[in-house]
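Listed below are the residues making up each chain.
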Amino acid sequence: LEVIFALGIGAPALRHPSSAAMVAKKKAVVCLAVAGAAAWKAAPLFVAPGAGLARASPSAAAGSATPAPAAAAPAASVAASAVAFAAFGALAAGSRRQRGGSSMRASIMMEPEEVPEAEGSAKPKPPPFDPAKQIGVTEPIGFFDPLGFCKVGDKEGFRRLRAAEIKHGRAGMMAAAGAVAQYFVRIPIVFDFENAGLSAAWSGNSKYGFIFLLFVSGYLEIFSWKEDSEKEPGDFGDPIGFNIYDSDMRNKELNNGRAGMIAALGIVVAELYTGKSAMETFGLPPSAFETGLTGG
(Lines give C-alpha, C1' and ligand atoms only; values in the text may rest on other atoms or scores of the structure.)
Protein backbone atom coordinates (compact mmCIF):
# COMPACT_ATOMS: atom_id res chain seq x y z
CA LEU A 1 0.00 0.00 0.00
CA GLU A 2 2.83 2.42 0.80
CA VAL A 3 4.40 1.75 -2.60
CA ILE A 4 1.08 2.44 -4.35
CA PHE A 5 0.63 5.57 -2.23
CA ALA A 6 4.11 6.79 -3.23
CA LEU A 7 3.37 6.09 -6.88
CA GLY A 8 0.11 8.03 -6.60
CA ILE A 9 1.89 11.07 -5.17
CA GLY A 10 4.63 10.99 -7.77
CA ALA A 11 2.23 10.33 -10.67
CA PRO A 12 1.54 14.02 -11.52
CA ALA A 13 5.23 14.52 -12.17
CA LEU A 14 5.02 11.88 -14.92
CA ARG A 15 2.47 13.76 -17.03
CA HIS A 16 4.88 16.05 -18.89
CA PRO A 17 5.14 15.29 -22.60
CA SER A 18 8.95 15.58 -22.87
CA SER A 19 10.40 12.36 -24.29
CA ALA A 20 13.60 12.51 -22.22
CA ALA A 21 11.62 13.21 -19.07
CA MET A 22 9.24 10.28 -19.80
CA VAL A 23 12.15 7.87 -20.13
CA ALA A 24 13.62 9.09 -16.85
CA LYS A 25 10.25 8.82 -15.11
CA LYS A 26 9.70 5.29 -16.39
CA LYS A 27 13.09 4.25 -15.05
CA ALA A 28 12.21 5.82 -11.70
CA VAL A 29 8.89 3.92 -11.59
CA VAL A 30 10.60 0.60 -12.31
CA CYS A 31 13.22 1.26 -9.62
CA LEU A 32 10.48 2.23 -7.19
CA ALA A 33 8.53 -0.97 -7.88
CA VAL A 34 11.64 -3.08 -7.42
CA ALA A 35 12.43 -1.25 -4.19
CA GLY A 36 8.89 -1.87 -2.92
CA ALA A 37 9.04 -5.57 -3.68
CA ALA A 38 12.43 -5.83 -2.01
CA ALA A 39 11.10 -3.99 1.02
CA TRP A 40 8.14 -6.37 1.27
CA LYS A 41 10.39 -9.40 1.10
CA ALA A 42 12.98 -7.98 3.48
CA ALA A 43 10.47 -6.92 6.10
CA PRO A 44 11.09 -10.01 8.38
CA LEU A 45 14.73 -9.00 8.57
CA PHE A 46 13.76 -5.83 10.44
CA VAL A 47 12.02 -7.86 13.21
CA ALA A 48 14.14 -8.19 16.37
CA PRO A 49 15.39 -11.78 16.90
CA GLY A 50 13.36 -13.68 19.43
CA ALA A 51 10.64 -11.05 19.53
CA GLY A 52 8.10 -13.43 18.11
CA LEU A 53 9.16 -16.19 20.51
CA ALA A 54 9.01 -13.84 23.49
CA ARG A 55 5.52 -12.86 22.58
CA ALA A 56 4.54 -16.42 21.71
CA SER A 57 5.49 -17.92 25.10
CA PRO A 58 2.85 -16.10 27.08
CA SER A 59 0.36 -16.88 24.39
CA ALA A 60 1.20 -20.52 24.41
CA ALA A 61 0.81 -20.52 28.14
CA ALA A 62 -2.59 -19.07 27.70
CA GLY A 63 -3.38 -21.67 25.12
CA SER A 64 -3.56 -19.41 22.06
CA ALA A 65 -0.93 -18.97 19.25
CA THR A 66 -2.84 -16.29 17.22
CA PRO A 67 -1.14 -13.07 18.43
CA ALA A 68 2.35 -14.09 17.17
CA PRO A 69 1.86 -13.15 13.48
CA ALA A 70 0.17 -9.91 14.55
CA ALA A 71 3.28 -8.93 16.45
CA ALA A 72 5.50 -9.32 13.37
CA ALA A 73 3.10 -7.39 11.12
CA PRO A 74 3.68 -3.91 12.66
CA ALA A 75 7.43 -4.30 12.33
CA ALA A 76 7.15 -5.33 8.68
CA SER A 77 4.76 -2.46 8.02
CA VAL A 78 7.18 0.07 9.56
CA ALA A 79 10.06 -1.29 7.52
CA ALA A 80 8.10 -1.23 4.25
CA SER A 81 6.96 2.34 4.96
CA ALA A 82 10.53 3.46 5.58
CA VAL A 83 11.76 1.92 2.33
CA ALA A 84 8.79 3.32 0.37
CA PHE A 85 9.29 6.85 1.65
CA ALA A 86 13.03 6.59 0.96
CA ALA A 87 12.26 5.52 -2.61
CA PHE A 88 9.76 8.38 -2.95
CA GLY A 89 12.43 10.81 -1.74
CA ALA A 90 14.84 9.49 -4.34
CA LEU A 91 12.18 9.86 -7.03
CA ALA A 92 11.50 13.46 -6.00
CA ALA A 93 15.22 14.29 -5.97
CA GLY A 94 15.59 12.75 -9.41
CA SER A 95 12.67 14.81 -10.67
CA ARG A 96 14.27 17.99 -9.32
CA ARG A 97 17.58 17.12 -10.92
CA GLN A 98 15.78 16.38 -14.18
CA ARG A 99 14.05 19.78 -14.08
CA GLY A 100 17.33 21.50 -13.19
CA GLY A 101 19.08 19.79 -16.09
CA SER A 102 16.29 20.75 -18.46
CA SER A 103 16.46 24.40 -17.39
CA MET A 104 20.26 24.31 -17.66
CA ARG A 105 20.04 22.92 -21.18
CA ALA A 106 17.38 25.48 -22.04
CA SER A 107 19.60 28.32 -20.83
CA ILE A 108 22.55 26.98 -22.83
CA MET A 109 20.39 26.73 -25.93
CA MET A 110 19.20 30.32 -25.45
CA GLU A 111 22.72 31.78 -25.34
CA PRO A 112 23.37 31.72 -29.12
CA GLU A 113 20.11 33.62 -29.71
CA GLU A 114 21.02 36.32 -27.19
CA VAL A 115 24.51 36.96 -28.58
CA PRO A 116 23.42 38.80 -31.76
CA GLU A 117 21.14 41.07 -29.73
CA ALA A 118 24.02 41.96 -27.41
CA GLU A 119 26.30 42.65 -30.36
CA GLY A 120 23.64 44.75 -32.11
CA SER A 121 22.97 46.88 -29.04
CA ALA A 122 26.69 47.46 -28.46
CA LYS A 123 27.22 49.42 -31.71
CA PRO A 124 28.87 52.77 -30.91
CA LYS A 125 26.89 55.87 -31.69
CA PRO A 126 28.40 58.35 -34.14
CA PRO A 127 29.99 61.36 -32.46
CA PRO A 128 27.95 64.58 -32.43
CA PHE A 129 28.59 67.26 -35.01
CA ASP A 130 31.58 69.34 -33.92
CA PRO A 131 32.04 72.76 -35.60
CA ALA A 132 35.65 72.88 -34.38
CA LYS A 133 36.53 70.07 -36.81
CA GLN A 134 35.07 71.62 -39.98
CA ILE A 135 36.62 73.37 -42.97
CA GLY A 136 37.91 76.85 -42.12
CA VAL A 137 39.56 75.95 -38.81
CA THR A 138 43.19 76.75 -39.62
CA GLU A 139 46.31 77.84 -37.80
CA PRO A 140 47.35 80.04 -36.14
CA ILE A 141 43.94 81.08 -34.77
CA GLY A 142 42.20 77.69 -34.98
CA PHE A 143 38.51 77.59 -34.05
CA PHE A 144 37.43 81.15 -33.32
CA ASP A 145 33.90 81.57 -31.94
CA PRO A 146 34.13 83.79 -28.85
CA LEU A 147 30.39 84.49 -28.76
CA GLY A 148 29.40 80.82 -29.04
CA PHE A 149 27.22 80.99 -32.13
CA CYS A 150 28.19 77.48 -33.30
CA LYS A 151 26.83 74.78 -30.99
CA VAL A 152 28.05 71.20 -30.83
CA GLY A 153 25.47 68.95 -32.50
CA ASP A 154 23.70 71.83 -34.34
CA LYS A 155 24.66 70.98 -37.90
CA GLU A 156 21.81 72.90 -39.56
CA GLY A 157 22.59 76.04 -37.60
CA PHE A 158 26.24 75.75 -38.55
CA ARG A 159 25.34 75.37 -42.25
CA ARG A 160 23.29 78.60 -42.16
CA LEU A 161 26.09 80.52 -40.50
CA ARG A 162 28.73 79.08 -42.83
CA ALA A 163 26.67 79.98 -45.92
CA ALA A 164 26.28 83.55 -44.63
CA GLU A 165 30.00 83.74 -43.87
CA ILE A 166 30.95 82.63 -47.38
CA LYS A 167 28.54 85.08 -49.06
CA HIS A 168 29.64 88.03 -46.95
CA GLY A 169 33.27 87.03 -47.48
CA ARG A 170 32.86 87.02 -51.24
CA ALA A 171 31.08 90.38 -51.14
CA GLY A 172 33.79 91.77 -48.83
CA MET A 173 36.59 90.65 -51.17
CA MET A 174 34.89 92.28 -54.17
CA ALA A 175 34.18 95.49 -52.22
CA ALA A 176 37.74 95.81 -50.95
CA ALA A 177 39.17 95.07 -54.40
CA GLY A 178 36.78 97.55 -56.02
CA ALA A 179 37.65 100.31 -53.55
CA VAL A 180 41.32 99.94 -54.49
CA ALA A 181 40.81 99.38 -58.23
CA GLN A 182 38.68 102.49 -58.76
CA TYR A 183 41.66 104.66 -57.95
CA PHE A 184 43.42 103.36 -61.07
CA VAL A 185 40.72 102.08 -63.45
CA ARG A 186 37.30 103.35 -64.53
CA ILE A 187 34.73 102.08 -66.99
CA PRO A 188 35.08 104.43 -69.95
CA ILE A 189 32.41 106.89 -71.05
CA VAL A 190 29.90 105.95 -68.34
CA PHE A 191 31.98 106.24 -65.17
CA ASP A 192 35.05 108.13 -66.35
CA PHE A 193 34.96 111.10 -64.02
CA GLU A 194 32.77 109.94 -61.16
CA ASN A 195 33.62 110.43 -57.54
CA ALA A 196 35.61 107.74 -55.72
CA GLY A 197 34.67 106.25 -52.38
CA LEU A 198 31.27 106.10 -50.70
CA SER A 199 29.89 109.18 -52.43
CA ALA A 200 29.81 107.24 -55.71
CA ALA A 201 26.75 105.34 -54.42
CA TRP A 202 24.52 108.44 -54.60
CA SER A 203 26.15 110.91 -57.04
CA GLY A 204 26.47 111.22 -60.81
CA ASN A 205 26.14 108.24 -63.11
CA SER A 206 27.68 105.92 -60.53
CA LYS A 207 24.45 105.84 -58.55
CA TYR A 208 22.85 103.95 -61.45
CA GLY A 209 25.64 101.41 -61.27
CA PHE A 210 24.95 100.94 -57.57
CA ILE A 211 21.23 100.34 -58.24
CA PHE A 212 22.14 97.87 -60.99
CA LEU A 213 24.36 95.93 -58.54
CA LEU A 214 21.50 95.75 -56.04
CA PHE A 215 19.13 94.16 -58.58
CA VAL A 216 21.72 91.69 -59.86
CA SER A 217 22.76 90.55 -56.38
CA GLY A 218 19.11 90.20 -55.31
CA TYR A 219 18.29 88.07 -58.34
CA LEU A 220 21.26 85.78 -57.75
CA GLU A 221 20.42 85.42 -54.07
CA ILE A 222 16.71 84.68 -54.49
CA PHE A 223 16.44 82.81 -57.78
CA SER A 224 19.81 81.55 -58.95
CA TRP A 225 22.27 80.76 -56.18
CA LYS A 226 20.12 78.73 -53.78
CA GLU A 227 21.61 76.55 -51.08
CA ASP A 228 21.41 72.79 -51.65
CA SER A 229 21.32 70.52 -48.61
CA GLU A 230 23.11 67.84 -50.63
CA LYS A 231 26.10 70.14 -51.23
CA GLU A 232 28.47 72.05 -49.01
CA PRO A 233 27.44 75.56 -47.95
CA GLY A 234 28.32 78.10 -50.63
CA ASP A 235 28.80 75.46 -53.33
CA PHE A 236 27.07 76.86 -56.43
CA GLY A 237 29.00 74.84 -58.98
CA ASP A 238 32.07 75.60 -61.07
CA PRO A 239 30.86 77.50 -64.19
CA ILE A 240 34.34 78.47 -65.37
CA GLY A 241 35.72 74.96 -64.86
CA PHE A 242 38.68 75.60 -62.56
CA ASN A 243 38.10 72.22 -60.87
CA ILE A 244 39.84 73.33 -57.68
CA TYR A 245 37.03 72.80 -55.16
CA ASP A 246 39.02 70.94 -52.49
CA SER A 247 39.75 71.39 -48.80
CA ASP A 248 42.81 73.56 -49.38
CA MET A 249 41.03 75.96 -51.74
CA ARG A 250 37.98 76.15 -49.49
CA ASN A 251 40.19 77.09 -46.53
CA LYS A 252 41.85 79.77 -48.63
CA GLU A 253 38.49 81.18 -49.74
CA LEU A 254 37.21 81.36 -46.17
CA ASN A 255 40.37 83.03 -44.85
CA ASN A 256 40.53 85.53 -47.71
CA GLY A 257 36.82 86.23 -47.33
CA ARG A 258 37.33 87.01 -43.64
CA ALA A 259 40.19 89.32 -44.52
CA GLY A 260 38.04 90.91 -47.25
CA MET A 261 35.22 91.65 -44.80
CA ILE A 262 37.63 93.25 -42.34
CA ALA A 263 39.28 95.27 -45.14
CA ALA A 264 35.98 96.53 -46.56
CA LEU A 265 34.78 97.54 -43.11
CA GLY A 266 38.07 99.32 -42.44
CA ILE A 267 37.88 101.24 -45.74
CA VAL A 268 34.34 102.44 -44.97
CA VAL A 269 35.17 103.48 -41.40
CA ALA A 270 38.38 105.23 -42.49
CA GLU A 271 36.60 107.22 -45.21
CA LEU A 272 33.81 108.24 -42.87
CA TYR A 273 36.40 109.44 -40.37
CA THR A 274 38.94 111.12 -42.71
CA GLY A 275 36.94 111.86 -45.87
CA LYS A 276 39.60 110.15 -48.00
CA SER A 277 39.19 107.20 -50.34
CA ALA A 278 40.90 103.87 -49.82
CA MET A 279 44.21 104.66 -51.54
CA GLU A 280 44.34 108.23 -50.25
CA THR A 281 44.48 106.90 -46.71
CA PHE A 282 47.91 105.45 -47.63
CA GLY A 283 49.17 108.97 -48.46
CA LEU A 284 48.58 108.92 -52.21
CA PRO A 285 47.18 112.01 -53.94
CA PRO A 286 43.64 112.04 -55.30
CA SER A 287 42.99 109.88 -58.35
CA ALA A 288 43.76 111.33 -61.76
CA PHE A 289 40.16 110.77 -62.70
CA GLU A 290 39.02 112.94 -59.83
CA THR A 291 41.66 115.52 -60.71
CA GLY A 292 40.28 115.73 -64.24
CA LEU A 293 36.78 116.01 -62.79
CA THR A 294 37.65 118.91 -60.53
CA GLY A 295 40.08 120.54 -62.95
CA GLY A 296 42.93 120.28 -60.44
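Anything mentioned here points back to the structure above.
Residues numbered from 1 in each chain as written. Predicted model: local features only at pLDDT ≥ 70, side-chain atom pairs only at ≥ 80, totals over all residues. Heavy atoms only, no water.

### What to know about helix α7 (residues 247-274)
In step 1: Here α7 contains 28 residues, and its C-alpha end-to-end distance of 40 Å stays within 8% of the 40 Å for a straight helix at 1.5 Å per residue.
In step 2: Within α7, the full set of buried residues consists of Arg250, Asn251, Leu254, Gly257, Gly260, Ala264 and Glu271.
In step 3: Phi for Gly275, located one or two positions after α7, is positive at around 80°. (Helix = DSSP H or I, 4+ residues; strand = E, 2+ residues; numbered from the N terminus. Expected span 1.5 Å × (residues − 1). Buried < 20%, exposed > 50% of the residue type's maximum accessible area, 1.4 Å probe, protein only.)

### Digging into the layout of surface pockets
In step 1: Computed from the structure, the largest pocket encloses a volume of approximately 1600 Å³.
In step 2: Taken together, 38 residues form the lining of the largest pocket, with Ala171, Met174, Ala175, Phe210 and Leu213 sitting closest to its centre.
In step 3: Sorting the residues of the lining of the largest pocket by element identifies α5 (155-181), α6 (206-224) and α7 as the ones contributing at least two each.
In step 4: The leading source of residues in the lining of the largest pocket is α6, at 10 residues. (1 Å grid on protein atoms, 1.4 Å probe; cavity = no way out; pocket = protein on both sides within 12 Å on 5 of 7 lines; lining within 4 Å. Points joined across faces, edges and corners; volume = space filled by probe spheres on them.)

### A closer look at the pattern of salt bridges
In step 1: Going through the model one piece at a time under the given rule, you end up with six salt bridges.
In step 2: The closest approach of N and O atoms between Lys167 and Glu221, which form a salt bridge, is 2.9 Å. Taken together, the residues span a long stretch of sequence, with Lys167 in helix α5 and Glu221 in helix α6 at a distance of 54 residues.
In step 3: Given a relative accessible area of 26%, Lys167 falls into the partly exposed group.
In step 4: Accessibility expressed as a relative area gives 42% for Glu221, which makes it partly exposed.
In step 5: When salt bridges with common partners are traced through the structure, they connect Arg162, Glu165 and Arg258 into a single cluster. (Salt bridge = Lys/Arg side-chain N within 4 Å of Asp/Glu carboxyl O.)

### Quick word on empty space enclosed by the protein
Rolled over the atoms, a probe with the dimensions of a water molecule shows which regions are left empty.
In step 1: A full pass over the atoms with the stated rule returns two cavities of 30 Å³ or more.
In step 2: The space that makes up the largest cavity amounts to roughly 60 Å³.
In step 3: If you go around the largest cavity, the residues you meet are Ile135, Arg162, Ile166, Arg170, Pro233, Gly234, Asp235, Tyr245, Arg250, Glu253 and Leu254.
In step 4: Of all the secondary-structure elements, those providing two or more residues to the lining of the largest cavity are α5 and α7.
In step 5: Taken together, the residues of the lining of the largest cavity sort by class into five nonpolar, one polar and five charged. (Nonpolar A, V, L, I, M, F, W, Y, C, P; charged D, E, K, R; others polar.)

### Details of the environment of Lys133
In step 1: By the element assignment, Lys133 lies in the loop between α4 (67-121) and α5.
In step 2: Residues Lys133 and Phe143 lie 10 residues apart in sequence; the distance between their C-alpha atoms is 8.2 Å.

### Here's the deal with unusual backbone geometry
In step 1: That bond from Glu139 to Pro140 is cis: its omega, 5°, falls within 30 degrees of zero.
In step 2: You can see Pro140 is positioned in the loop between α4 and α5.
In step 3: Backbone geometry places Asn243, a non-glycine residue, at a positive phi of 55°.
In step 4: If you trace the backbone, Asn243 turns up in the loop between α6 and α7.

Limitation: the analysis is restricted to geometry and does not speak to function.
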